[in-house]
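Fold and contact review
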Amino acid sequence: MNRRLGRAIARISYLPKTLDLVWTASKGWTIAWAILLVIQGLMPVAMVYLTRSVVDGLVAVMGAGATWQSAQPIIIPAAAMVCVLLLGGSLQTVMEWVRTAQSEFVHDHITTLIHQKSVAVDYAFYESSEYYDRLNRARSDASGQSLSLLENLGNGMQNSITLLAMAAILLPYGAWLAVVLLISALPSLYIILNLNRYYHRWWQGTTTERRRQEYYDALLTNSNTAAELRLFNLGSQFQSTYLKSRHRLRTEYLQILKVQSLGRFSATILGLFVFMAPLSWVVWRILQGKMTLGELALFFQAFQQSRGVMVSLLGNLGQIYKSSLFISNLFEFLELKPQIINPTQPLAIPKQLKQGISFQQVSFGYPGSDRPVLENFNLTIPAGKIVAIVGDNGAGKSTLIKLLCRFYDPESGCIQLDGIDIRDLSVIEYQRLITVLFQFPVSYYVTAAENIALGDWSATPSLDEIELAAKNAGIHEKIASLPQSYNAILGKLFPEGTELSGGQWQRLALARAFLRRAEIIILDEPTSAMDPWAEFDWLERFRTMANGRTAVVITHRFTLAMRADIIHVMRAGKIVESGSHDELLAQGGFYAQSWKEQMEVTSNVPV
Ligand SMILES: Nc1ncnc2c1ncn2[C@@H]1O[C@H](COP(=O)(O)OP(=O)(O)OP(=O)(O)O)[C@@H](O)[C@H]1O
């Protein structure tokens, strides 16, 4: 019970934060919205008063005989009633406009916050399914829920204003009427809050399942999977998995809807019963001649409207509760704290590497895994050298790179750059020293020039610099042959885009690296999409770029590894052999054996 209360309070505590968020996103529109709310809140009360004046006036006219003179007192309240009705109609339109503008601003603000957080969190988050659940929950209609919360808060206030004013009107007829009205609301309130909590718990618990649906939807509709899906005839298989999952969620959701509808229906019936009691009392008073017909009209309108307002106030409270449950997901996401943080007093980054990089007694295992990938691991990468790391699948090569890029920190031991622990350096400045050429570089669907400029975007490189990088990487001719040359959009996602081959995308990535001019170059199977001739050409270009810089090449290709100054052979998280190509061949160990096998396979001739 205490825990439930604690959780409820924690969620309600997001309310001021949500208001702050909406306020920051759209100050002017929010003020306009608040003014409109107050005006709209007072309008029903005005209507009730005017109705009484009109009805009492009519009764008097009918008593005195209908003449122009006796009808005069009715004209002003009747005209005022028409004005209030007209105002109500036009305010509704203005309110819609204000709400739409406000929602646009709030949506953009929330999206910006989510984007900022997604970029700021550790890379490690992207390797955990829990993160995706959180992101999914945070994104799920966050702006809609914030505005719904605000709207319901506003409507709740508007309804409260109306209700208080109505209560004031009813008070002369007996305080018990207001009490009846309030008490009748309690069971409904309980039902509404519980239903919302139940729905949210279900929604939260099914996040992974909804993500699975999105995954299968993407498999069925994505260009990456289109070829294999057709060849392996996987369409019906994926569709059936998708539909099974949809069936489960749909059935559960419809069940919840049923329970919700029943709950709301019971609340309405209860409210109607409560309404009967005061109404019977009024009818009885009129029969006794203790109330006028105008008072009957006033009472009926006031009580009927109060009941309507009460129902909608309850709805507001339920929605506020529901939205705060959903918005808590957004704030929980925004509160995620990165583990890779800057030191309070970062040391100066070495201008040029002199000694190099060294892994010292590094131990590391992935979060949630009890098996370490590296244990007391030592490795030296001398400055200005090209070092290749070869090894079988799962040996830990990529893990090594992730540690070197500071995507993760070691559990023990350290990685040093010219003798400085990289944790003592500013993360951004340190990562600025590194260029990584991935096996599957990102294909940015922007222009060719922008694709290259992204290598050093903050320096706003000139077209000459971009062209030089493209020439160095051997992709200039291809770009120049496109009708719009460097302004050509690449990829097929957008109109008039030109698709490149895998090897051409890899060359474009090399051009980015040329432009970045980083001190440390990391290559993760960078030539996997190239034929041997292209690879040879690429390697020559890479050597030009790497000249004097420190490079780490991860590869299964021995034709690539053999060009490195030093080759390390990695197996099961350990370096088992080190040396130049010739030295390793002479050792006759694992490298020599693998070399022989690979040469036999590629040439089909025993070596
Ligand atoms: N994000 C992760 N979470 C948990 N375990 C992981 C993660 N990434 C890799 N591993 C595990 O760590 C071990 C080393 O993986 P790593 O990717 O470093 O190997 P690799 O040498 O690069 O392999 P390959 O040559 O196949 O790319 C493997 O057993 C793998 O299952």
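This structure is a prediction, so every number in the text was calculated from the model and none was measured.

Take the site of the ligand next. Taken together, the residues surrounding the ligand are Glu 127, Tyr 366, Ser 369, Val 373, Gly 391, Asn 393, Gly 394, Ala 395, Gly 396, Lys 397, Ser 398 and Thr 399. For the shell around the ligand, the residue count by class is three nonpolar, seven polar and two charged.

So, about the UniProt feature "transmembrane region" (unreviewed entry) in the protein chain. UniProt tags residues 21–43, 75–95, 173–193 and 265–284 as "transmembrane region" (unreviewed entry). The span residues 173–193 carries 90% helix and 0% strand; its end-to-end C-alpha distance comes to 32 Å.

This paragraph deals with the packing of helix α3 (residues 27–64) against helix α11 (residues 293–334). Direction vectors running N to C along α3 and α11 enclose 160°, while the axes themselves pass 8 Å from each other. With respect to each other, α3 and α11 are oriented roughly antiparallel. You can see that α3 and α11 cross each other, and the crossing is right-handed. From α3, Pro 44, Val 48, Thr 51, Arg 52, Val 55, Asp 56 and Val 59 reach across to α11, where they touch Leu 293, Gly 294, Ala 297, Leu 298, Gln 301, Ala 302 and Gln 305. Class assignment of the residues belonging to the contact of α3 with α11 gives a composition of eight nonpolar, four polar and two charged.

Turning to the sheet that holds strand β8 (residues 550–554), a few remarks are in order. Taken in spatial order, the six strands make up an open sheet running β6-β7-β8-β3-β9-β10, and their pairing is mixed. In this open sheet, the two strands that pair with only one neighbour each are β6 (434–437) and β10 (574–579). Strand-to-strand twist across the sheet, computed as the mean angle between neighbouring axes with direction ignored, equals 20°. Bridging between strand β3 (residues 386–391) and strand β9 (residues 566–571) involves five bridges; their strand directions are parallel. Across the sheet, the residue bridging to Gly 391 is Met 570, located in β9.

Moving on: the sheet that holds strand β2 (residues 374–382). Two pairing modes exist for strands in a sheet, parallel and antiparallel, and in both the strands are linked by backbone hydrogen bonds. Across the sheet, four strands lie side by side as β2-β1-β4-β5; this open sheet has antiparallel pairing. Both outer strands of the open sheet, β2 and β5 (420–421), are each paired with one neighbouring strand and no more. Two strands pair when backbone bridges link them, and strand β4 (residues 412–417) and β5 are joined in this way by two bridges, in the antiparallel orientation. Within β5, the position partnered with Leu 417 by the bridge is Ile 420.

Note on placement: Leu 334 falls in helix α11. A residue is classified by how many C-beta atoms lie within 10 Å of it, and Leu 334, with 16 of them, is partly exposed. In this structure the C-alpha to C-alpha distance between Leu 334 and Gln 598, which are 264 residues apart in sequence, comes to 50 Å. Once residues within four sequence positions are removed from consideration, Leu 334 is found in contact with Leu 113 and Lys 117.

Conventions adopted
- Residues numbered from 1 in each chain as written.
- Predicted model: local features only at pLDDT ≥ 70, side-chain atom pairs only at ≥ 80, totals over all residues.
- Near = placed C-beta within 6 Å.
- Nonpolar A, V, L, I, M, F, W, Y, C, P; charged D, E, K, R; others polar.
- UniProt positions renumbered as here; feature names shortened; annotations may be inferred.
- Helix = DSSP H or I, 4+ residues; strand = E, 2+ residues; numbered from the N terminus.
- Axes fitted to C-alpha atoms, helices over the stretch in contact; angles between N-to-C directions.
- Parallel < 35°, antiparallel > 145°, perpendicular 65-115°, else oblique.
- Left-handed = near helix turned anticlockwise from the far one by under 90°.
- Contact = placed C-beta atoms within 7 Å.
- Pairing = 2+ DSSP bridges.
- Buried ≥ 20, exposed ≤ 12 C-beta atoms within 10 Å, placed from the backbone.

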